[in-house]
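Read off the chains here:
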There are 2 protein chains.
Amino acid sequence: MTWLDLEADDPFGVHNLPYGVFSTDGTGPRPGVRVGDFVLDMAVLEDPSCTGPSLNRLLAAGPKHAASVRERLQELLTDPAHRGRAEPRLYRLADVTLHLPIEIGDYVDFYASEHHARNVGRIFRPGADPLTPNWTHLPIGYHGRSGSVVLSGTDVVRPRGQRRDPDAQGPVFGPSTRLDIEAEVGFVVGAGSVLGRPVPVDEAEQHLFGVCLVNDWSARDLQAWEYVPLGPFLGKSFATSISPWIVPFVALEAARLDPPARHHPTLPYLTDRPGGALDLRLETRWNGHLVATPPAAALYWTPAQMLAHLTVNGAAIRPGDLFASGTVSGPGSDELGSFLELTEDGRRPVTFPDGRTRTFLEDGDEVVISATAAGPGGTVVGLGEVTGRILPAPAPTNP
Amino acid sequence: MTWLDLEADDPFGVHNLPYGVFSTDGTGPRPGVRVGDFVLDMAVLEDPSCTGPSLNRLLAAGPKHAASVRERLQELLTDPAHRGRAEPRLYRLADVTLHLPIEIGDYVDFYASEHHARNVGRIFRPGADPLTPNWTHLPIGYHGRSGSVVLSGTDVVRPRGQRRDPDAQGPVFGPSTRLDIEAEVGFVVGAGSVLGRPVPVDEAEQHLFGVCLVNDWSARDLQAWEYVPLGPFLGKSFATSISPWIVPFVALEAARLDPPARHHPTLPYLTDRPGGALDLRLETRWNGHLVATPPAAALYWTPAQMLAHLTVNGAAIRPGDLFASGTVSGPGSDELGSFLELTEDGRRPVTFPDGRTRTFLEDGDEVVISATAAGPGGTVVGLGEVTGRILPAPAPTNP
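Cut-offs applied
- Residues numbered from 1 in each chain as written.
- Chains lettered and ligands numbered in written order.
- Predicted model: local features only at pLDDT ≥ 70, side-chain atom pairs only at ≥ 80, totals over all residues.
- Heavy atoms only, no water.
- UniProt positions renumbered as here; feature names shortened; annotations may be inferred.
- Helix = DSSP H or I, 4+ residues; strand = E, 2+ residues; numbered from the N terminus.
- Domains from an automatic or database assignment.
- Contact = heavy atoms within 4.5 Å.
- Buried area = accessible area lost by both parts, 1.4 Å probe.
- Salt bridge = Lys/Arg side-chain N within 4 Å of Asp/Glu carboxyl O.
- Polar contact = N/O pair within 3.5 Å; in protein donor to acceptor, adjacent residues only side chain to side chain.
- Nonpolar A, V, L, I, M, F, W, Y, C, P; charged D, E, K, R; others polar.
- Buried < 20%, exposed > 50% of the residue type's maximum accessible area, 1.4 Å probe, protein only.
- Least-squares fit on C-alpha atoms with pLDDT ≥ 70 in both.
- Phe/Tyr/Trp six-rings, centres within 6.5 Å; stacked < 30°, edge-to-face > 60°.
- Pairing = 2+ DSSP bridges.
- Axes fitted to C-alpha atoms, helices over the stretch in contact; angles between N-to-C directions.

Caption draft 1: How the structure looks around the UniProt feature "domain: Fumarylacetoacetase-like C-terminal" (unreviewed entry) in chain A. Here, the residues flagged by UniProt with the feature "domain: Fumarylacetoacetase-like C-terminal" (unreviewed entry) are residues 108-375 of chain A. Along residues 108-375 of chain A one finds 12% helix and 28% strand; the C-alpha atoms at either end are 28 Å apart.

Caption draft 2: Local environment of the domain arrangement of chain A. Residues and elements named next belong to chain A. Taken domain by domain, chain A holds domain 1 (19-99) and domain 2 (107-391). Counting residues at the interface gives 18 residues for domain 1 and 15 residues for domain 2. Summed over both sides, the interface between domain 1 and domain 2 buries roughly 1300 Å², with carbon and sulfur atoms accounting for 74% of that surface. Taken together, the connections running from domain 1 to domain 2 amount to zero salt bridges. Summed over the shared surface of domain 1 and domain 2, the number is three residue pairs in polar contact (both at pLDDT 80 or more). Looking at the side of domain 1 that touches domain 2, the elements with two or more residues in it are β1 (19-23), β2 (30-35), α1 (56-60), α2 (63-78) and β5 (97-99). With four residues, α1 is the single largest residue contributor to the side of domain 1 that touches domain 2. Residue classes in the side of domain 1 that touches domain 2 are distributed as 11 nonpolar, five polar and two charged.

Caption draft 3: Local environment of the environment of S49 of chain B. Residues and elements named next belong to chain B. Mapping S49 onto the fold places it in the loop between β3 (38-41) and α1 (56-60). S49 sits in the buried class, given a relative accessible area of 7%. Residues within four places of S49 in sequence aside, it is in contact with R57, L58, A61, H65 and V69. A distance of 3.0 Å separates the side chain of S49 from the side chain of H65, its partner in a polar contact.

Caption draft 4: Unusual backbone geometry, seen in detail. Following V228 of chain A, the chain continues into P229 of chain A via a peptide bond in cis, with omega recorded as 10 degrees. The backbone of D167 of chain A shows a phi angle near 70 degrees, a positive value even though the residue is not glycine. With respect to the helices, strands and loops of the structure, D167 of chain A is situated in the loop between β10 (160-163) and β11 (172-175). D167 of chain A gets classed as exposed once you look at its relative accessible area, which sits at 83%. Positive phi values are uncommon outside glycine, yet L17 of chain B reaches one of about 55 degrees. With respect to the helices and strands, L17 of chain B occurs in the segment before β1 (19-23).

Caption draft 5: Representation of the pattern of salt bridges. Residue and element names in this part refer to chain A. For the structure shown, the criterion picks out 52 salt bridges over all chains. The salt bridge partner of D165 is R163, with a shortest N-O separation of 3.1 Å. With a relative accessible area of 33%, D165 lands in the partly exposed category. A relative accessible area of 15% places R163 in the buried class. One salt bridge connects R273 with D202, and the closest N-O pair in it is separated by 3.9 Å. You can see R273 sitting in the loop between β18 (256-257) and β19 (277-278) and its partner D202 sitting in the loop between β13 (183-189) and β14 (208-215), a full 71 residues away along the chain. Given the relative accessible area of 47%, R273 is considered partly exposed. A relative accessible area of 48% places D202 in the partly exposed class. If you follow the salt bridges from partner to partner, you end up with D180, E182, D216, R220 and K236 in one network.

Caption draft 6: Molecular detail of the interface of chain B and chain A. Taken residue by residue, the interface counts 63 residues in chain B and 63 residues in chain A. Of the roughly 5600 Å² buried between chain B and chain A, counting both surfaces, carbon and sulfur atoms make up 62%. Together, R145, L230 and F233 of chain B form the three largest contributors to the area buried by chain B at its contact with chain A, with a combined 14%. On the surface where chain B and chain A come into contact, there are two salt bridges. A salt bridge links R145 of chain B to D321 of chain A; the nearest nitrogen and oxygen atoms lie 3.1 Å apart. Our enumeration of links across chain B and chain A arrives at 26 residue pairs in polar contact (both at pLDDT 80 or more). For the side of chain B that touches chain A, the elements supplying multiple residues, two or more each, are β6 (107-110), β7 (141-144), β10 (160-163), β11 (172-175), α5 (220-226) and α6 (303-311) of chain B. Per-element tally for the side of chain B that touches chain A: the top contributor is β7 of chain B, with four residues. Of the residues contributing to the side of chain B that touches chain A, the split by class is 37 nonpolar, 18 polar and eight charged.

Caption draft 7: Here's a closer look at the UniProt feature "active site" (unreviewed entry) in chain A. Here the UniProt-annotated "active site" (unreviewed entry) positions come out as H116 of chain A. With respect to the helices and strands, the residue H116 of chain A is situated in helix α4 (residues 114-124).

Caption draft 8: Molecular detail of the environment of P394 of chain B. All names here are of chain B. Along the chain, the position of P394 falls in the segment after β26 (380-391). The partly exposed category is assigned to P394, whose relative accessible area is 26%. Through-space distance from the C-alpha of P394 to that of D334 is 34 Å; in sequence the pair is 60 residues apart.

Caption draft 9: Summary view of the relation of the copies chain B and chain A. Between the two copies, chain B and chain A, the superposition gives an RMSD of 0.0 Å; the rotation angle is 180 degrees and the shift along the axis is 0.0 Å. Seen this way, the second copy is the image of the first under a two-fold rotation axis. Among all residues of chain B, the minimum C-alpha distance to the rotation axis is found for G231 of chain B, at 2.0 Å. In this assembly, 100% of the residues forming the interface of chain B have copies in chain A that are likewise at the interface, indicating an isologous arrangement.

Caption draft 10: Geometry of the packing of aromatic side chains. Overall, the coordinates contain 26 aromatic pairs over all chains when judged by the stated rule. With 5.9 Å between their ring centres and 80 degrees between their planes, F233 of chain A and F110 of chain B make a pair best called edge-to-face. Here F233 of chain A, found in the loop between α5 (220-226) and β16 (240-242), pairs with F110 of chain B, found in strand β6, and the two come from separate chains. Judged by relative accessible area, which is 1%, F110 of chain B ranks as buried.

Caption draft 11: Local environment of α6 of chain B. In terms of burial, α6 of chain B is a largely internal element, nine of the nine residues being buried. Buried residues along α6 of chain B sit in contact with β6, β13 (183-189), β14 (208-215) and β22 (322-324) of chain B.

Caption draft 12: Quick peek at the environment of L310 of chain B. Along the polypeptide, L310 of chain B turns up in helix α6. Note on L310 of chain B: relative accessible area 3%, which makes it buried. L310 of chain B sits 13 residues away from F323 of chain B along the chain, and the two C-alpha atoms are 9.4 Å apart. The contacts of L310 of chain B, once residues within four sequence positions are left out, are R145, F233 and L234 of chain A together with V108, F110, A315, I317 and F323 of chain B.

Caption draft 13: Representation of the side chain of D321 of chain A. With respect to the element layout, D321 of chain A can be found in the loop between α6 (303-311) and β22 (322-324). In this structure the side chain of D321 of chain A is engaged in a polar contact, spanning 2.8 Å, whose partner is the backbone nitrogen of D106 of chain A. At a separation of 3.1 Å, a polar atom in the side chain of D321 of chain A contacts the side chain of R145 of chain B. Excluding anything up to four places from it in sequence, D321 of chain A contacts G105, D106, F187, V188, V189 and A316 of chain A together with R145 of chain B.

Caption draft 14: Structural detail: the sheet that holds strand β5 (residues 97-99) of chain B. Residues and elements named next belong to chain B. Pairing within the open sheet is antiparallel, and its five strands lie in the order β4-β3-β2-β1-β5. Edge strands, defined here as strands with exactly one partner in the open sheet, are β4 (90-92) and β5. Direction aside, neighbouring strands of the sheet carry axes that sit 45 degrees apart on average. Inspection of the sheet shows β3 paired to β4 by three bridges, in the antiparallel sense. Of the residues in β4, the one forming a bridge with F38 is R92. Packed on one face of the sheet, helix α2 (residues 63-78) meets β1, β2 (30-35) and β3 and runs near 65 degrees to β1.

Next comes the structure, spelled out in structure tokens:
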């Protein structure tokens, strides 16, 4: 029990303790840990790994050191003897400014939900097998734009670009008319690896630091026109929002479960241990209305498999690298992680309780993706939320 | 004329002055400028933008400041009055260690050569139109792995991964059997931009700092199996080598020329001014033998168009971002920038003068890509070279 005034069922109790970066008036961004609705300045630990404008020093310090930091934080927050030391370093969440918690080297987006891949395949490649032949053999992924990763709460400017309308011969240019979300789980790399030396699936956990929520905003019209043959580019690279709090993997032990049954055995380098999946329950709210509950438990590929695949060719990982699951969709019609799927490619609008309808995002719309997971001893682990509001496209300066 | 003992036709005379990062015994990496076979320590300028372990501060300082730095360097190296100040800061190239010159945020690889796109389309998608319908409307590109960008001279470990052999049902795992090069031109971003605000083609030059050479090593077997539908991933992300010297765009004014005639007008946001292309002549040497002379003048899309496209959706650029042309191939059979094209998909081996033959890269092979361009007043501008040697794949640790 903590000496803080916290409800026993607070999803940000000492069983969770996610890391972020915050500042207060007149001070610079620095690492903090969330407990309840407070942020504890990690400067209290007087540990060099807990300094700097991001969590990257802590990430680079490796899993043993991170475990020791977490242990010291739990002790600080539970042993009343430390109250006098910690309390002056506690800030109300409402009184601080949050910042992007990590300096991201490379950002990779996977495509790990079979339900999502099938749904999108049907829409983008009608008449063909929705799953490409490689899908069940490897976690398909591609590199996204790390410079476009923004903190939850950052407004998203509607992108402009080329699209080709149905039956049109050539493309037109303008604001995206099919602006979408992707509800995803993000995985933050801790300790790095060496170029030319793959990280086997059994060692992946030594490099997996924590989990956040990701909204990989997507302009479906731009994407559809550009993505053959080299993959998504401008349809994705305008903005990717992440939640401010990185929940350490060790706080999610109670949420581990086996991934769905595989269609066939994987190649040996992808064989993972039982319990490699995470039972995170996502919720998507569109202008305040709950429209979907995507289940991360339905992802076909596990984080350890994704990391083993990403590095099997010798690619190195760096502390602060981010990789995401791709859209989390479950089998149910209320479990879909994108509006493309939820509205059946815009053919079945979503109706809000006030009678307004939506297919894709309109200017001013706000989307909130949140998630929770089971914690130890019947507790709940909160992953917080990732939010964003759509601003209109800029006026053309070069029409 | 410089007071240095330099031939008048030295491709690294004071008309060039490319930037790099070097260190000497017992000192840390720092910016330097190449003149002849010497490196001048830019600390001589006592300018904060010329300090640090990379060129990123100079890049971030913007084009006006970079012009002033170049002017001061040219003065130092031509006015004998400055000789006493500069000479103690000059090192022989052979006596220094070179380092990766830039801290790369995002790395984007384009597909700007029509000849290359047609050749690859024929090989990867037999029976279909080699150019996808979007190709002539936009510079197709995708994000590569910035963490895998290495300095010229770094050994390249043969990647392992999944491939599907012809007529096989499923994939096998092992070292790549079709390891290839891509001879490319890289463009280094100087001043950054703001998320949500595109950089119009007319302003692109304010953000384009310099040019380097790129070898985007490619495992064709991995790539062919993985790239549908989200693009190349592990087939590319194991290594991308760049040359050590960033030649500023201003040193390449005499190499500017008009791009090839377009098949049809572009959308207005891609309309560029005349003289937007660069006449760089590349040379590819395979184990010492000249096997191709890819002409950058044949690229369909210009650097300014690539940058305008990359940002038109609002994506921000950061100092040190790198984007590359994609494989440079010309119309001639001796102008092809990849071995995939040069050997007609492995069907027509290259024969070296000693009788040995090659289709794709074998362990121990070395590739050197170099380039020159016309400089002012009949001079030649050297771009140096990007080299790499293939090491065998690692022994399987997780068979």
